[in-house]
Every structure is written in structure tokens, then in C-alpha cells.
Amino acid sequence: MHAKGNVIGVFSKSAGRGDDAADRALQLVLASLEDSKAEDIVTINIAGKSALGDYMVVVSGRSNRHVMAIADHLISDLKDEGLGNARVEGLEAGDWVLIDTGDIIVHVFRPEVREFYNIERMWAAPEIEDGTVH
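- The protein chain is annotated in an unreviewed UniProt entry as Ribosomal silencing factor RsfS of Shinella yambaruensis.
- For the protein chain, the Sequence similarities (unreviewed entry) comment in UniProt is given as "Belongs to the Iojap/RsfS family."

Below, the structure is given as C-alpha cells:
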């Protein structure tokens, strides 16, 4: 778990994971976000929970301009490190930008939009064991 600012939850890494490509890419993403002054950075380990990737990172920008600047800076840093094949959605409006590197999905929100979608809460829901649903 990496967090800066107000943290909603703590999500631990899977036991036995080494320093692989996804972990190195995550460190690059987090450094870029901190350099851009992204707020309330939350990292969620989704490895084994979803086929979408290994990590989801959720951050806030103070305004539409800040959201777009955070996203632009991250996209540039990813390209500089040879990870330039990220899919990007929402960059034009600046309310919510999604950057999908394959291993890492980054959501950059304006605070009001982040609160509305509440992605951290959705991923923090306890896992339901087979046979316990009524």
C-alpha cells in the first residue's frame, strides 16, 4: 500500500510476489503522481481479484487543469521509460482520466467525481466465500 494524504483503506500485497515488472512500473507511476502533486493517492492490489491488471491507483487533482496535467505528466513519464502503449480515456474533459498500462490502471479524478464513483469502496468490499450468499 502506498498512500499520501487521506487514506480510506489499506490493501496489502499478495504474499510471495517478487520485484517484478508490475512492481517496478507501479513505483514509476507513484513517483510521477507525487511529482505532479496528485492528492489522496491510494494503491489497490487487484492481482488475483481481477484480470484487468495487478494494481489500481486512484488519485485526485484539485481542478480539471490539475487532473489533465497529472495525466499528461504520467503519460510522458511512461513513454520515457518505454511503457508508452498505455490506453487513455477522458483526457479532453479533465473530470476523470483513466490510464491503463496493462499491469496498472490509474484513475485521476476531480474530488467531486471521485467521491461520486467511490471506486476504493467498491474494491475494498469483503470477498464473499462460495456458499455464504443468501
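Here the narrative resumes.
Brief notes about the overall build of the protein chain
- Along the backbone of the protein chain there are four helices and six strands.
- Its helices and strands in sequence order give the protein chain the pattern β-α-β-β-α-β-β-β-α-α, from N to C terminus.
- The 134 residues of the protein chain split such that 40% are buried.
- In the protein chain, of all internal contacts separated by at least 6 residues, the share reaching a separation of at least 24 is 59%.

Regarding the pattern of salt bridges
- The tally for this structure, following the rule as stated, stands at four salt bridges.
- When the shortest N-O distance is used, the salt bridge between aspartate 95 and arginine 110 registers 2.6 Å. Of this pair, aspartate 95 sits in the loop between strand E4 (87–89) and strand E5 (96–100) while arginine 110 sits in the loop between strand E6 (104–109) and helix H3 (111–117); the two residues are 15 residues apart in sequence, bridging distant segments of the chain.
- Residue classification places aspartate 95 among the partly exposed residues on the basis of a relative accessible area of 29%.
- Of the charged contacts, one joins arginine 110 and glutamate 112 as a salt bridge, the two residues approaching to 2.2 Å between their closest N and O atoms.
- Note on arginine 110: relative accessible area 19%, which makes it buried.

Topic: the side chain of aspartate 100
- Turning to its location among the elements, aspartate 100 is positioned in strand E5.
- Here the side chain of aspartate 100 touches glycine 102 through a polar contact of 2.8 Å, landing on its backbone nitrogen.
- Setting aside residues no more than four positions away along its own chain, aspartate 100 makes contact with Ala86, Arg87 and Ile105.

What counts and what doesn't
Residues numbered from 1 in each chain as written. Predicted model: local features only at pLDDT ≥ 70, side-chain atom pairs only at ≥ 80, totals over all residues. Heavy atoms only, no water. UniProt positions renumbered as here; feature names shortened; annotations may be inferred. Helix = DSSP H or I, 4+ residues; strand = E, 2+ residues; numbered from the N terminus. Buried < 20%, exposed > 50% of the residue type's maximum accessible area, 1.4 Å probe, protein only. Contact = heavy atoms within 4.5 Å. Salt bridge = Lys/Arg side-chain N within 4 Å of Asp/Glu carboxyl O. Polar contact = N/O pair within 3.5 Å; in protein donor to acceptor, adjacent residues only side chain to side chain.

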